[in-house]
Amino acid sequence: MMRYSVAAGRALGALGAVSRGVARVSLATSSRVLQPVVAADTDTIGCRRFRSTSTGYNELARERAKTVTSFYNQSAIDVCAEKPSVRLTPTTMLYSGKSPDGSHVLSSAKYLQMELPVRIAHRVKGFRSLPFIIGCNPTILQVHELYIRAYHMLSDFPPITDLEAEGRYCKLVRQLLDDHKDVVTMLAEGFRESRKHIQDEALIRNFLDTTLTSRLGIRMLATHHIALHEDNPDFVGIICTRLSPKKIIEKWVDFARRLCEHQYGCSPRVRINGHVAARFPFIPLPLDYILPELLKNAMRATMESHLDTPHNAPDLVVTIANNDIDFVIRISDRGGGIPHSILDKVLDYHFTTAEESNQDPRMSNLFGIITNNGPQSGPMHGFGFGLPTSVAYAEYLGGSLTVQSMQGIGTDVYLRLRHIDGKGESFRI
């Protein structure tokens, strides 16, 4: 927890940039407030006192270091981070999601009130495990602050005993979901800015996998609770009782084709085959994160490899395979395949290979600027985070995402996800 003490001397020099993003940070959470930094003393008429440059720098550096290290001194979070999280199966969420008297809403709220602070405390602990010089990056520190603030706001909420209190809690949860909607983008930016300080890429990969999948789980639980208030015959919370993979694929095909047409003037056609009539209970939310990323990559690869004949670009083929244990979605393109030289890197987070990441569409996202204002701006875009994040999400859901490339021809991506009511063991959220 106190790793910052080792690297503090080296990191203080980097804190000049940090001060712009952190110097005036304060967490308005009852009495637990991070005090803002006073950048310079002023005299009674508001003018800066004259003092030696070295003295002023040393005092300013001490103030900045004090503010940053206060992120690491949160005793309540330390205690909460030692508690285990209680993960639910989607089946439990499905069959406890409705009751005649509405008691399921109160039960869900009470579970969230106990569970969310624990999960957020775990994430704060994760930020503290980062090398101090990386944790001091202003953008990463801003995300760190968001989690600390969320922890205190949720922990300070009084016990939920009736529907009126539950309504106020719902409002708070909605606010926090909105506050955290850009966390993936912010983390991508922060690690890109810090790439020269990254020495142990395995540590950073583990941090990102854990942080992003935990974030997905938190958002699924919170969104599920909010959705319990809605009267939708095909849904129990966020669980669609009759999900059609064909329909959700068609939705994101339309989205990706619009982006492609905006960029290239046209887009490849998409054919969907296989078990197109399949329907089963599943959660659309993770598919809404993963499918647009895979389809955008496939379309970009196709168009980039057929720039001379864009109106005759080969079709994408999406195949659905359904069975008793899981279902598979295969996206096949004729975009020339992934070069041998980068095939091993294609599923890595490319915060340290920004130059290489422009060589292949799967290592960066040409549509990043366009999608900043689109429906997928929050979950994944830009900086080479799309595919590795999709892999982490698929594995979190008990499945997998694999890439098979035929250099000179094209690429097949296989998304395999476990049924929530299948014969095999279900995943937990």
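Worth saying up front: this structure is predicted, and the values here are computed from it rather than measured. Within any chain, residue numbers begin from 1 and follow the written order of that chain's sequence. Restriction of local features to residues with pLDDT of at least 70 applies here, the model being predicted, together with a cutoff of 80 or more for giving and counting side-chain atom pairs; totals for whole chains, interfaces and linings are based on all residues. Computation of side-chain values: all heavy atoms of the structure, hydrogens and water removed.

Caption draft 1: Just the overall build of the protein, in detail. When its secondary structure is counted, the protein shows 16 helices and eight strands. Burial classes: relative accessible area under 20% of the type maximum marks a residue as buried, over 50% as exposed, and values in between as partly exposed (1.4 Å probe, protein chains only). Counting over 429 residues, the protein shows a buried share of 53%. Pairs at least 24 apart in sequence give 77% of the contacts found in the protein among residues at least 6 apart. With an accessible surface of roughly 19700 Å², the protein has 51% of that area assigned to carbon and sulfur atoms. Helix and strand labels come from DSSP, where a helix needs a run of H or I of at least four residues and a strand needs a run of E of at least two; each type is numbered from the N terminus. Any pair of residues with heavy atoms lying within 4.5 Å of one another is described as a contacting pair. Surface exposure here means Shrake-Rupley accessible area, sampled with a 1.4 Å probe, where a residue is shielded only by the protein chains that are shown.

Caption draft 2: Main features of the pattern of salt bridges. Just to be clear on terms, a salt bridge is a Lys or Arg side-chain nitrogen sitting within 4 Å of an Asp or Glu carboxyl oxygen. On inspection of all chains with the given rule, the structure shows 14 salt bridges. We note a salt bridge from E82 to K125, for which the minimum N-O separation is 3.4 Å. One end of the pair, E82, is in the loop between α4 (75-81) and α5 (90-95); the other, K125, is in helix α6 (residues 103-128), with 43 residues separating them in the sequence. A relative accessible area of 42% means that K125 is categorised as partly exposed. Here D179 ties to R149 by a salt bridge, and the two come within 3.0 Å at their closest N and O atoms.

Caption draft 3: Quick peek at the sheet that holds strand β1 (residues 235-236). Pairing within the open sheet is antiparallel, and its three strands lie in the order β1-β2-β4. The strands lining the two open edges of the sheet, one partner per strand, are β1 and β4 (280-282). Here two bridges tie strand β2 (residues 239-243) to β4, and the two strands are oriented antiparallel to one another. Each residue of the ladder has a partner; that of L243, found in β4, is F280. What makes two strands pair is DSSP finding at least two bridges between them.

Caption draft 4: Spotlight on the confidence of the model for the protein. The predictor's confidence in any single residue is recorded as pLDDT, a number from 0 to 100. Scored by pLDDT, the protein has a mean of 81; 76% of the residues are at 70 or more. With pLDDT under 50 throughout, residues 1-54 is counted as low confidence; its partners more than four residues away or in other chains account for 80 contacts. Note on residues 351-382: pLDDT is under 50 here. Beyond four places in sequence and across chains, it has 92 contacts.

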